[in-house]
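Letter by letter, the chains look like this.
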Amino acid sequence: MKKIQAIRGMNDILPDQTPYWQKVESTLHRILARYGYQEIRLPLLESTALFQHSIGETTDIIEKEMYTFSDRNGESLTLRPEGTASCVRSSLQHSLLMQGIQRLWYYGVMFRYERPQKGRYRQFYQLGVEALGSEGPDVDAEHILMTARFWQQLGLTGLRLQLNSLGSPESRATYREHLINFFTGHQNYLDEDSRRRLYSNPMRILDSKNPAMQEIIEQAPQILDYLDNDSLNHFKALRDLLDRIGIHYEINPRLVRGLDYYTQTVFEWVTDQLGSQGTVCAGGRYDGLVEQLGGPSTPAAGFAMGIERLIALLGEQNLLREIARVDAYLVAVGLLAKHQALLFAEHLREAIPSIRLQINYGGGNFKAQLKRADRSGARWALILGDDEIAQNTVGVKDLRSEQPQQSILQSELPAYINQQIKDRVE
Ligand code: HAM
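What counts, and where the lines are drawn
Residues numbered from 1 in each chain as written. Predicted model: local features only at pLDDT ≥ 70, side-chain atom pairs only at ≥ 80, totals over all residues. Heavy atoms only, no water. UniProt positions renumbered as here; feature names shortened; annotations may be inferred. Domains from an automatic or database assignment. Helix = DSSP H or I, 4+ residues; strand = E, 2+ residues; numbered from the N terminus. Buried < 20%, exposed > 50% of the residue type's maximum accessible area, 1.4 Å probe, protein only. Contact = heavy atoms within 4.5 Å. Near = heavy atom within 4 Å. Polar contact = N/O pair within 3.5 Å; in protein donor to acceptor, adjacent residues only side chain to side chain. Areas by Shrake-Rupley, 256 points an atom, 1.4 Å probe, with all protein chains shown as cover. Nonpolar A, V, L, I, M, F, W, Y, C, P; charged D, E, K, R; others polar. Pairing = 2+ DSSP bridges. Axes fitted to C-alpha atoms, helices over the stretch in contact; angles between N-to-C directions.

An unreviewed UniProt entry annotates the chain as Histidine--tRNA ligase of Candidatus Nitrosoglobus terrae. The record in UniProt for the chain states the following under Subcellular location (unreviewed entry): "Cytoplasm". According to the UniProt record, the Catalytic activity (unreviewed entry) comment for the chain is "tRNA(His) + L-histidine + ATP = L-histidyl-tRNA(His) + AMP + diphosphate + H(+)".

Caption draft 1: Summary view of the domain arrangement of the chain. Looking at the assigned domains, one finds that the chain contains domain 1 (18-168 + 227-316) and domain 2 (328-425). Of note, the centres of domain 1 and domain 2, computed from C-alpha atoms alone, are 47 Å apart.

Caption draft 2: Inspection of the UniProt feature "binding site: L-histidine" (unreviewed entry) in the chain at higher detail. Per the UniProt record, the feature "binding site: L-histidine" (unreviewed entry) sits at E82, G83, T84, R112, Q126, E130, R257, Y261 and Y262. Within the secondary structure layout, Q126 lies in strand 6 (residues 123-132). We classify Q126 as buried; its relative accessible area is 9%. Excluding its chain neighbours within four sequence positions, the residues that come into contact with Q126 are E82, G83, Y106, Y107, G108, M110, R112, A304, M305 and I307. Mapped onto the fold, E130 is located in strand 6. Assessed through its relative accessible area of 1%, E130 is described here as buried.

Caption draft 3: Spotlight on the site of the ligand. Close to the ligand lie 26 residues; E82, E114, E130, R257 and Y262 are nearest. Between the ligand and E82, the relevant distance is 2.6 Å, taken from a nitrogen atom to a side-chain nitrogen or oxygen of the residue. One of the backbone N or O atoms of Y121 is found 2.9 Å from a nitrogen atom in the ligand. Against a free-state accessible area of 660 Å², the protein chains account for coverage of 96% of the ligand. Tallied by class, residues from the shell around the ligand come to eleven nonpolar, eight polar and seven charged.

Caption draft 4: Expanded view of the sheet that holds strand 6. With mixed pairing, eight strands are arranged side by side in an open sheet as 1-5-6-11-10-9-7-8. Each end of this open sheet is capped by a strand with a single partner; those strands are strand 1 (38-39) and strand 8 (250-251). Where strand 10 (residues 279-285) meets strand 11 (residues 300-306), five bridges bridge the pair, whose relative direction is antiparallel. Residue pairing for strand 11: R285 is matched across the bridge by A301. Most of the contacts of helix 1 (residues 18-34) go to strand 5 (residues 102-111), to which it runs at about 160°, and overall it touches strand 5, strand 6 and strand 11.

Quick look at the structure:
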């Protein structure tokens, strides 16, 4: 049979990588708790209509990137391409909004049928954060602060914050008309993709990466000139807050985002270190979405970040330090030792709660077991043989130094190891 492979664009995360993921995840989770945000767990599958009614009919996601299929009942289901729509759906379904402002986060895989390349996958992990029920720019500012704290805590540098406002739906509609007029007047300069988008989603033309299009895009009208007073005030208040806190940002009038539900503030954190997929985190306000999905008029804001990109950036900046997987490997030679090994290991785990201890599986002579101990990456081989059992000792061999093997009383082993792993890099 032909070897079965993982589906293109869907990655295995192997055991040599998972410690980094766990480290990043726990750091993010800890920070979220410090802002009083709570986790919500959402299904991977939703009714296709949920995404059609939220993300926007003419977006790339809806037009060509969804994994959609009929289940055995003939119902159209879609593997979630993002989490905001599900989060709003769930909040409405369970009347969470009646309980006041919701501060929520979710973590998990999303699916988009995109052309896979470095930093762009068909299954990818996102951490998403949503605040439902508050309209002030303080929410937007806190989300930005929270993300800045993520970078700081992870040690990341060089991420740039880009900011824009898409205004109210009304000001956006006016802008859209002007944009269509402008590009219609310059149709000869448009590439095929942009011509296709001209009437369906003209703002996405501003997002084009085609070098030949840049000159005409530079000359296009800018949304910030079409904002109504409320939108201008919101945007100014946000910038004032960021200025006062000392968060640097660049205003990017071409930042329009690929999902249609955004209103007012939009932002992205970008880096030059990841090639063309340099947006690590992105989000903004979506004051109309809750109502659009059948709920009461409710302001909302949020963001999501791509964890593969975050880990890749940590790698680029040499921040993925070696994390110890195993501290000690228990070698048991002889029948007596083999019988006692399991219990001995359990006692050690009781006595040293942070120890990562592997026992030898399946016998083997001393040399073979020591070889496995070495391959496990453990710092020590703990050796139990007939002599050790008789004398209540354990042999301790430091596998990462040339020191000779020592014999330590079993009762003194926890104190010895504790002292040594105290300074272990976590
Ligand atoms: P998004 O910009 O589509 O927004 O995705 C957010 C982040 O997910 C991107 O900045 C990127 O880091 C990562 N990402 C997106 N697509 C891929 C992919 N194919 N492969 C790897 N990483 C990817 C949203 O999804 C919105 N729901 C964000 C949001 C939440 N806005 C308000 N609340």
